[in-house]
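If you want the building blocks of each chain, they are given just below.
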Amino acid sequence: MRVAFVASEAFPFAKVGGLGDVVGSLPQALRKKGLETTIFIPWYWGINGYYVGEGHFNFAGGREQFGIGHLEHGGVRYVLVGLPDFARDKPYGYEDDFRRFVRFQMAVAELLRDFDLVHCHDWQAALLPLLRNLGWFPGRTVYTIHNLAYQGIWGSQDFYAWTGLPGETYYGGGLEHRGAINLMKCGIVNADAVTTVSPRYAWEITTPEGGEGLDGVLRALRWKLRGILNGIDTEYWNPATDRYLKHRYSVEDLSGKYQTRAELLAEFSLEDRPTLGVVSRFAHQKGIDLILGAVPGLMELGVNLFVLGSGDPNLERSFAWVADRHPGRITYVQGYNEPLAHRIYAGCDGFLMPSRFEPCGLAQMIAMRYGTPPIARAVGGLIDTVRHWETGFLFESMDAGGVWWGVSEFLKHPDRKQVALNGMRQDFSWEKPATEYLELYRGLVAHG
């Protein structure tokens, strides 16, 4: 069985969020089970691949050329799709993102004719199940929703001039939603199977509260929807071997964690108090503003905050402001710093995740693996991975009061060390998810 992954990002070559971690890790876990996969991603600026040739695809009434590159990582083969508008410093955030990823998918479709199954990820690959159903390539398709909030919506009929697709696909092909093109809906409607990244989120997205306008479609197609909990790369995220930690440690010996904690607090001039870490994008989804609202109460509770992240400029300025006004108690580092992130996971006493919604969440699993109990809102994959008062702490209220309550639960627990050890003993590897995906692939191909 030959399986292709198609995605906009894959760690370590391009990563914006959890999607990159999944696409970078799951194929390696599948490889250990005897399944070889090929990953198709855009050839972003800075990726050092080997140029092996070129391909062509139809776009906007003309015949366009794209470069093809190869590289291998972790025993997994990557195909790099070289289009001029992907030679940029970051994967997303441009006004022409929709057009760019339509072009990417149409180019990839020319390279999928030898695969038994194509696993498509998020809206940037959601057109492919429709192209397969129109006969562009054979095989079966799996479509994974990593975050339903980002749907790939385009309000212009230029889409049909670009793609040359028959007009009847607007309704019959599942592209139309509320008067616009919606690629996420297209992927859901046309794929042979639809997965999302945790069992709880699979239920949440079928509700009006969590469905982002697509709950009716998902309820109607519930028969092909399945939640498979993400894993993490437990070789990369391992406090016993972590290359970014000066003092490594394990569940049998936590002394390295305590040394990391002492050095982290000393380096950033934080008082010796219970210290809560935050490593996050500053986006509405992540509830980072709820932490800001809780700052006065958290200071009264006697905790420190160590925040690493960036995104919303207003939140960045606000965290810089509160850090200036609470020296010794709050540290804010703007941006993303991989070595520092590892030290925060290892050196803090608790980890804050006040998400408004969380399809799966990887940070809470990483924090538990590093013996840092998460204090998280009871949504999505956080419910599936954190057990209140056993491996971490969950709170319900989506406000500053909820954050305060979660932290107070953390502080009053009589044995936080045992909670940390319980978390470290959890298995968040890709072993079980990879087995579930492999069974899904085999079932689809066998009945194809």
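Each remark here, short or long, concerns the structure printed above.
This one's a predicted model, so the numbers in the text were calculated from it and none came from an experiment.

About the cut-offs
Residues numbered from 1 in each chain as written. Predicted model: local features only at pLDDT ≥ 70, side-chain atom pairs only at ≥ 80, totals over all residues. Heavy atoms only, no water. Core = buried A, V, L, I, M, F, W, Y, C linked by side-chain atoms within 4.5 Å. Buried < 20%, exposed > 50% of the residue type's maximum accessible area, 1.4 Å probe, protein only. Helix = DSSP H or I, 4+ residues; strand = E, 2+ residues; numbered from the N terminus. Contact = heavy atoms within 4.5 Å. Pairing = 2+ DSSP bridges. Axes fitted to C-alpha atoms, helices over the stretch in contact; angles between N-to-C directions. Phe/Tyr/Trp six-rings, centres within 6.5 Å; stacked < 30°, edge-to-face > 60°. Lys NZ or Arg CZ within 6 Å of the ring centre and 35° of its normal.

> Any chance you could break down the nonpolar core for me, citing the residues and the numbers?
With 87 residues, the main nonpolar core has Leu127, Leu128, Phe159, Leu183 and Ile188 as its most contacted residues. The leading source of residues in this core is helix α2 (residues 97–109), at eight residues. Those residues in contact with Ile188, other than ones at most four positions away along the chain, are Tyr143, Ile145, Leu148, Val194, Leu214, Val217, Leu218, Leu221 and Lys224. The next biggest cluster of nonpolar side chains, apart from the first, holds 39 residues, and it includes Leu264, Tyr345, Leu394 and Met424.

> Can you explain the sheet that holds strand β15 (residues 330–334)? Please cite residues and give values.
As summarised here, the arrangement of the six strands in space is β15-β14-β13-β16-β17-β18, forming an open sheet in which the pairing is parallel. At either end of the open sheet lies a strand with only one pairing partner, and these are β15 and β18 (393–395). For this sheet the average axis-to-axis angle between neighbouring strands, irrespective of direction, equals 20 degrees. By the bridge criterion, five bridges tie strand β14 (residues 304–311) to β15 in an arrangement that is parallel. Residue pairing across strands places Val307 opposite Tyr332, the latter belonging to β15. Here helix α11 (residues 313–325) sits on the sheet in contact with β13 (275–282), β14 and β15, set at roughly 145 degrees to β15.

> Report on the packing of aromatic side chains, specifying residues and quantitative values.
This structure, assessed with the given rule, holds 31 aromatic pairs. Here the aromatic rings of Phe268 and Phe306 are separated by 4.8 Å at their centres, their planes lie at 80 degrees, and the arrangement is edge-to-face. With Phe268 in the loop between α9 (255–267) and β13 and Phe306 in strand β14, the pair connects residues that are 38 residues apart, well separated along the chain. On the numbers, 5.8 Å between centres and 90 degrees between planes, the contact of Phe393 with Phe410 is edge-to-face. On the criterion of sequence distance, the pair formed by Phe393 in strand β18 and Phe410 in helix α15 (residues 400–412) is long-range, its members being 17 residues apart. One residue, Arg88, lies across the ring of Tyr94, its end atom 4.5 Å from the ring centre. The ring of Phe410 has Arg416 sitting right over it, with the charged end atom 4.7 Å from the ring centre.

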